[in-house]
Amino acid sequence: MRPYRLTVTAALVTGFLSSAQPASAQPALPAPWERGASLRLLLPPRSQAHAWQSESPTPEAPASEPPGDGSSSPIGTLLLSGVPLKLGASITLRYEYTETSDLTDQFRGDASANGLRYRLRLGAEFGAQSAPLRGGIRISASQTPNPAVEFSPLGNAFRPQDIGFDQAWVTVRPFARRELLSFSFGKIPNPFWRGQVGTWRSEMVWDNDISPSGVALHVRPFDGPDFKLENVASYFQLNEIEDLRFIGKTGITSLIADQLTVTTRWVTAAVAFYDYENLNAGLSASRTPANAFLLRPGLFMTNNHINYGPGAEGFVTDAFRMVNATAQLHFPISAPSVGNPEVFLLADYIHNFEVPMDRDGIRVTAGVHMGDEQGRLQPLNLWMTYGSVDADAVLATFADSDLGAGSDYSGLQAGINYQLLRHLRAQFQFNHYDGSPLQENTVQRVFVDLLGDF
């Protein structure tokens, strides 16, 4: 058997050379099993340093993840046997202050907490933007047990932090017009459209940190400069409780979803249908009682629930079927002296057909994005959101962790972020809302973030 050899060659390429030669002009690389793999490092010029941040992992899909949310800008591009491999990392340091008052359910005084938190992400993507096959992985610290909270308290006696894969996906695009059809599978970036201006995205249904597991089919039959029509159909598996001598409700908790999006010059609108099934899987009222899996400690438990016995809490109904309508108006303003601002207004509404009460939610956001890295004013984003979301309007497990912490709230959020340096951004966010239970607990939360991406 011929031994396997891996030869690694690193070459630093300046901004003038980083526009790589076309594939046809590149010398053929030997196969790994013949003479070893060749690997080269290409560092992007300043003008492209944040390009990867703004790319959706599936470019033809709606941009769901906000650029600069920690998705990582590229350290560089590796050519591994002729296949581009982008690497990136981000570290966020957060100061958090939370004050909770009017604790009517606990009959005690106000509570407050503050401290430093952090988030770490490392990512890699393979395949060129024009390639028929692309994929990626991303690891992050924390995000357990709550998938919507990726920030961990500093400390832990200086011990290493647990990490895990929060993304691992492959996208297949079989047609010459890549954006026409794509099929993604694995633990994929959120494929649903939630806004497209600057770094802000709607989080009423999906927190920015959620990467669902399953399959998604994206079709874009019309892709003109002033009109786009696209549809995302998906199936996600939330959890599986096997029937192995388990006395209780078993099976797979799943989500079937479809979103139709229309984009014009000034307006983008989308309608989505979400069908959650078998929500009470894991519920047991036997001699070993247990809550439904999605209502166990560590997850957001702000949905209405019923006591089925001592130590056995479950959802009001076993299925949530919802319609979510989202529309965004955006108006670019030609004013180079202030970074050509783009003003936007987004409205988000959801209705749950399967519950008799507490089933509607609405959020409205106004904001502005201005500046660019090449101008005098660096990128700046400013927004304000009002939201009123009933307890069962959304599945709290995956909803906004900042404003409302799930569902059953009404209140305001205001935020601003600014690009201080090429790889450093500061952000301030203030949240004030009346939250669960019964929107009677008043909560104020302040976040001050410093994000470095490489």
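Everything quoted here is computed from the prediction, not taken from an experiment.

**Q** Would you explain the overall build of the protein chain in this entry?
**A** For the protein chain, the helix and strand inventory stands at 2 helices and 21 strands. With 454 residues in all, the protein chain has 48% of them scored as buried. Excluding contacts between residues fewer than 6 apart, the proportion of contacts in the protein chain whose partners are at least 24 apart in sequence is 62%.

**Q** Help me out: how do you make sense of the nonpolar core in this one?
**A** Considering soluble globular proteins, one finds that nonpolar side chains tend to be buried as a cluster. Counting 41 residues, the largest nonpolar core has Trp206, Tyr274, Tyr276, Phe315, Phe320 and Leu395 as the members making the most contacts within it. Of all the secondary structure elements, the ones that give two or more residues to this core are β10 (227-241), β11 (251-264), β12 (267-277), β14 (312-315) and β15 (320-332). Considering each element in turn, this core owes the most residues, 3 residues, to β12. Here Phe315 is in contact with Leu279, Asn280, Ala292, Leu294, Leu295, Asn303, Asn304, His305, Tyr308, Phe320 and Leu395, once residues within four sequence places are set aside. Membership of the second largest hydrophobic core comes to 7 residues, among which are Val197, Trp200, Phe344 and Leu346.

**Q** Even after reading the chapter, I still don't get the packing of aromatic side chains, so can you show me in this structure?
**A** Given two aromatic rings, one states the distance between the centres and the angle between the planes to describe the pair. Summed over the entire model, instances satisfying the criterion amount to 10 aromatic pairs. Judged by centre distance (6.2 Å) and plane angle (25 degrees), the ring pair of Trp206 and Phe398 falls under stacked. Taken together, the residues Trp206 in the loop between β8 (181-187) and β9 (213-223) and Phe398 in the loop between β18 (380-389) and β19 (409-421) connect sequence positions 192 residues apart. Judged by its relative accessible area of 3%, Trp206 is buried. One residue, Arg94, lies across the ring of Phe151, its end atom 4.0 Å from the ring centre. A cation sits over an aromatic face here: Arg94 above Phe447, 4.0 Å from the ring centre.

**Q** How do you make sense of the side chain of Asp207 when you look at a structure like this?
**A** By the element assignment, Asp207 lies in the loop between β8 and β9. Buried and unpaired, Asp207 has no salt bridge, with Arg119 as the nearest side chain of opposite charge at 7.1 Å. A polar atom in the side chain of Asp207 sits 2.9 Å from the backbone nitrogen of Ser401. Once residues within four sequence positions are removed from consideration, Asp207 is found in contact with Ala148, Arg194, Phe398, Ala399, Asp400 and Ser401.

**Q** Explain a nonpolar patch on the surface to me, please; I cannot follow it from the model alone.
**A** There is a patch of nonpolar side chains on the surface, built from Leu93, Tyr95, Leu116, Leu154, Leu382, Ile416, Leu420, Leu421, Phe428, Val448 and Leu450 and spanning about 910 Å² of accessible area. The element that contributes the greatest number of residues to the nonpolar patch is β19, accounting for 3 residues. Tracing the chain through its elements places Ile416 in strand β19.

**Q** Is there a simple way to think about the pairing of strand β21 (residues 441-453) in this case?
**A** In regular strands, side chains alternate between the two faces of the sheet. Taken across its 13 residues, β21 has 10 buried, putting it largely inside the fold. Across 12 bridges, the pairing between strand β3 (residues 83-101) and β21 is antiparallel. Bridged to Ser101 within β21 is Thr442. Sheet topology places strand β20 (residues 424-435) next to β21; 12 bridges connect them, and they run antiparallel. Counted as the bridge partner of Tyr433 is Val443 from β21. Connecting β20 to the antiparallel partner β21 that follows it, the hairpin turn spans 5 residues, and Leu438 within it adopts a positive phi of roughly 60 degrees.

**Q** Just checking my understanding: could you explain the pattern of salt bridges for this structure?
**A** Pairing is possible between side chains that carry opposite charge, provided their charged atoms lie close to one another. In the structure shown here, the tally under the stated rule is 16 salt bridges. Asp209 is the salt-bridge partner of Arg121, the closest N and O atoms lying 2.9 Å from each other. With Arg121 in strand β4 (residues 111-126) and Asp209 in the loop between β8 and β9, this residue pair connects regions lying 88 residues apart in the sequence. No difference in accessibility class separates Arg121 from Asp209, as the two residues are buried.

**Q** Even after reading the chapter, I still don't get empty space enclosed by the protein, so can you show me in this structure?
**A** Over the atoms, a rolling probe the size of a water molecule traces out where space has been left empty. Using the criterion set out here, one finds 1 cavity of 30 Å³ or more in the structure. Together, Phe192, Trp193, Arg194, Ser202, Val205, Trp206, Gln259, Tyr274, Asn324, Thr326 and Asp348 line the largest cavity.

**Q** Quick question: what am I supposed to make of unusual backbone geometry here?
**A** Backbone phi values are negative for most residues with the exception of glycine, while trans is the configuration of most peptide bonds. At the junction of Ser436 and Pro437, the peptide bond is cis and its omega measures out at 0 degrees in the coordinates. Along the chain, Pro437 falls in the loop between β20 and β21. The backbone phi angle of Asn278 is positive, close to 60 degrees, even though this residue is not glycine. By secondary structure assignment, the location of Asn278 is in the loop between β12 and β13 (305-309). A relative accessible area of 10% means that Asn278 is categorised as buried.

**Q** Can you help me understand the confidence of the model for the protein chain in this one?
**A** Interpretation of this model should avoid reading the predicted coordinates in detail wherever pLDDT is low. The predicted model of the protein chain has a mean per-residue pLDDT of 84, with 80% of residues at 70 or higher. Note on residues 1-61: pLDDT under 50 across the span, and 123 contacts to partners over four residues away in sequence or across chains.

**Q** What should I look at first to understand the side chain of Thr261 in this one?
**A** Tracing the backbone shows Thr261 in strand β11. Overall, Thr261 belongs to the buried group, its relative accessible area being 1%. Each residue touching Thr261, except ones within four places of it in the same chain, is listed here: Trp193, Lys228, Leu229, Glu230, Thr268, Ala269 and Ala270.

**Q** Help me understand the environment of Pro221, please; the structure alone is not making it clear to me.
**A** Checked against the element boundaries, Pro221 lands in strand β9. Separated by 41 residues in the primary sequence, Pro221 and Leu180 have C-alpha atoms spaced 5.8 Å apart. If sequence neighbours within four positions are ignored, Pro221 has contacts with Arg177, Leu180, Leu229 and Glu230.

**Q** Help me understand the pairing of strand β16 (residues 342-352), please; the structure alone is not making it clear to me.
**A** The sheet contact formed by β15 and β16 spans 11 bridges and is antiparallel. Note on β16: the bridge partner recorded for Pro332 is Glu342. Sheet topology note: the β16/strand β17 (residues 360-370) ladder contains 10 bridges and is antiparallel. Bridge pairing in β17 links His351 to Asp360.

Calculation rules
Residues numbered from 1 in each chain as written. Predicted model: local features only at pLDDT ≥ 70, side-chain atom pairs only at ≥ 80, totals over all residues. Heavy atoms only, no water. Helix = DSSP H or I, 4+ residues; strand = E, 2+ residues; numbered from the N terminus. Buried < 20%, exposed > 50% of the residue type's maximum accessible area, 1.4 Å probe, protein only. Contact = heavy atoms within 4.5 Å. Core = buried A, V, L, I, M, F, W, Y, C linked by side-chain atoms within 4.5 Å. Phe/Tyr/Trp six-rings, centres within 6.5 Å; stacked < 30°, edge-to-face > 60°. Lys NZ or Arg CZ within 6 Å of the ring centre and 35° of its normal. Lys, Arg positive; Asp, Glu negative; His and termini not counted. Salt bridge = Lys/Arg side-chain N within 4 Å of Asp/Glu carboxyl O. Polar contact = N/O pair within 3.5 Å; in protein donor to acceptor, adjacent residues only side chain to side chain. Patch = residues over 30% accessible without salt bridge, like charges linked within 9 Å, V, L, I, M, F, W, Y side chains within 5 Å. Areas by Shrake-Rupley, 256 points an atom, 1.4 Å probe, with all protein chains shown as cover. Pairing = 2+ DSSP bridges. 1 Å grid on protein atoms, 1.4 Å probe; cavity = no way out; pocket = protein on both sides within 12 Å on 5 of 7 lines; lining within 4 Å. Points joined across faces, edges and corners; volume = space filled by probe spheres on them. pLDDT = per-residue confidence, 0-100.

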